[in-house]
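The chain contents come next:
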Amino acid sequence: MFAAERRQLILEMVRANGAVSLRELARVVQTSEVTVRRDVRALEAEGLLDRRHGGAVLPGGFTRESGFPQKSHLATAEKTAIADLAANFVEEGEAIVVGAGTTTQELARRLARVPGLTVVTNSLLVAQALAHANRVEVVMTGGTLRGSNYALVGSGAEQSLHGLRVSRAFLSGSGLTAERGLSTSNMLSASVDRALVQAAAEVVVLADHTKLGTDTMFQTVPTDLITRLVTDEPPAHDDRAATELQALADQGVQIAVAGGQGGSAGAGGGGPGGDAVPVRQQRRDVPLPGPRRQGPGAGGQLRSASASMLGEQGPGAERARVADLRRR
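Residues numbered from 1 in each chain as written. Predicted model: local features only at pLDDT ≥ 70, side-chain atom pairs only at ≥ 80, totals over all residues. Heavy atoms only, no water.

**Points about the pairing of strand β12 (residues 200-206)**
Heads up, the rule is: The buried label goes to any residue with under 20% of its type's maximum accessible area, the exposed label to any with over 50%, and the partly exposed label to all in between, with areas taken from a 1.4 Å probe on protein chains only. Numbering of helices and strands runs from the N terminus, with a helix taken as a DSSP run of H or I at least four residues long and a strand as a DSSP run of E at least two residues long. In this description, strands pair whenever DSSP reports at least two bridges between them.
In terms of burial, β12 is a largely internal element, six of the seven residues being buried. One ladder, built from three bridges, connects β12 with strand β14 (residues 228-232); its direction is parallel. Residue pairing in the sheet places L206 in a bridge with V230 of β14.

**With respect to the pattern of salt bridges**
The line we're drawing: Here, a salt bridge means any side-chain nitrogen of Lys or Arg that lies within 4 Å of a carboxyl oxygen of Asp or Glu.
Scanning the model with the defined rule gives 12 salt bridges in all. Here D84 makes a salt bridge to R110, at a shortest N to O gap of 2.6 Å. One end of the pair, D84, is in helix α5 (residues 76-86); the other, R110, is in helix α6 (residues 102-110), and 26 residues separate them in sequence. In this structure, R180 engages D215 in a salt bridge whose closest nitrogen and oxygen atoms are separated by 2.5 Å. Linking R180 in the loop between β10 (175-177) and β11 (181-184) with D215 in the loop between β12 and β13 (218-221), this pair joins segments that are 35 residues apart in sequence. Assessed through its relative accessible area of 25%, R180 is described here as partly exposed. With a relative accessible area of 27%, D215 lands in the partly exposed category. Here the salt bridges do not stand alone but share partners, grouping D84, E106, R109 and R110 into one network.

**Considering the packing of aromatic side chains**
As a reminder of what qualifies: Two aromatic rings from Phe, Tyr or Trp, using only the six-membered ring of Trp, form a pair when their centres are within 6.5 Å; if the ring planes differ by under 30 degrees the pair is stacked, by over 60 it is edge-to-face, and anything between is tilted. By the criterion adopted, a ring carries a charge over it if an Arg CZ or a Lys NZ lies within 6 Å of its centre and within 35 degrees of its normal.
Across all of its chains, the model carries zero aromatic pairs by this definition. Just above the ring of F89 sits the side chain of R228; from NZ or CZ to the centre is 4.0 Å.

**Thoughts on the packing of helix α2 (residues 22-29) against helix α3 (residues 33-45)**
Packed helix pairs are characterised by how far apart their axes lie and by the angle those axes make with each other. Let me state the cut-off plainly: As a rule, the C-alpha atoms of each element are fitted with a line to give its axis, helices using only the stretch in contact, and angles between N-to-C directions run from 0 to 180 degrees. Roughly parallel covers angles under 35 degrees, roughly antiparallel covers those over 145, roughly perpendicular covers 65 to 115, and oblique covers all other angles. The contact rule is simple, with two residues in contact once any of their heavy atoms fall within 4.5 Å. Under this grouping Gly is polar, as are all residues other than the nonpolar Ala, Val, Leu, Ile, Met, Phe, Trp, Tyr, Cys and Pro and the charged Asp, Glu, Lys and Arg.
Between α2 and α3, whose axes approach to 9 Å, the crossing angle comes to 105 degrees. One element, α2, and the other, α3, form an angle in the roughly perpendicular class. Side by side, α2 and α3 meet where L22, R23, L25, A26 and V29 of the first sit next to E33, V36, R37 and V40 of the second. For the contact of α2 with α3, the class distribution of residues is six nonpolar, no polar and three charged.

**A few points about α6**
Across the nine residues that make up α6, a large majority, eight, are buried. Among the residues of α6, T102, T103, T104, Q105, E106, L107, A108 and R110 are the ones counted as buried.

**With respect to the sheet that holds β10**
Pairing in this open sheet of three strands is antiparallel, and the strands run β10-β11-β13 from one edge to the other. Whereas interior strands pair on both sides, the edge strands pair on one side only; in this sheet they are β10 and β13. With direction set aside, neighbouring strand axes in the sheet form an average angle of 35 degrees. When β11 meets β13, the two strands line up antiparallel, connected through three bridges. Counted as the bridge partner of T184 is F218 from β13.

**Points about the pairing of strand β15 (residues 254-258)**
Threshold: A right-handed crossover is one whose linking path, passing over the helix from the first strand to the second, runs clockwise when the strands point away from the viewer.
The buried fraction of β15 is high, at five of five residues. Of the two faces of β15, the one carrying Q254, A256 and A258 and the one carrying I255 and V257 are both buried. Bridging between β14 and β15 involves five bridges; their strand directions are parallel. Following the sheet pairing, T231 is matched in β15 by V257. Between the parallel pair β14 and β15, the chain is carried across by helix α10 (residues 239-250), and the sense of this crossover is right-handed.

The quantities given are spatial measurements derived from coordinates; they are silent on function.
Below is the structure:
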């Protein structure tokens, strides 16, 4: 395929979806991500699209939010790996809140097997994923339906969260930086997400590597309120994502990285979250380095362990290991 043909196809994909990752563009045009990155730079120079970390968006993408149909086709493999890993941080009998988003929808599908779980959500997609889970209680907020992402927003949603207290909040967003934290492109969504955060003792952010280093209009969770980030393994050449991860770790955020390229699920594997974790999936944790905000270098080194060990050791051993990391 000639360069002009590639760039035309790239432009058509971005116009159709609003935002597309470099990985997906390379797959469709059947070339390397290095070549696609050059094409994206050339198209940006012509004012036809904007580059974002790990992908490309329509011009003015800083203020534009893609709808659910577009988001559901972006980074699908990464979202699946993130959801598999995040489910292991949910325990039996917990009460949690789960925000709106395609990644949190994937998480909800894996929570259907957690006995005694109570899930508070403003997302119709999350509620639908748990609708037939007979051991999970689903509590929905009030509010006004926002059709682009099937979420309840507005004062009704925020008021219904007043006085609520749960163990963890699982949230996604449009961008994540160490400097500003989690952000989104919509003011109403950001306001509800902030109310969800206020209801939780811990905040777990689910964000694939394409969102690392991306900043959008409305801050939802400042970095010092994020307990843990669950993300996927950035490409080897993506130095910016690796730098952002280390910067988040330096500020006290625990980092869990789901890696690998698929693979079959281990029999009987997985934690209390339900579905088994793929055998080839890798998990790397950055332990919380004592008191928050102790400055650069406090985050420590990334620790690696095979995620298949979760299945071999069982959820009890995993929770003990996480507790041990926190004590350190």
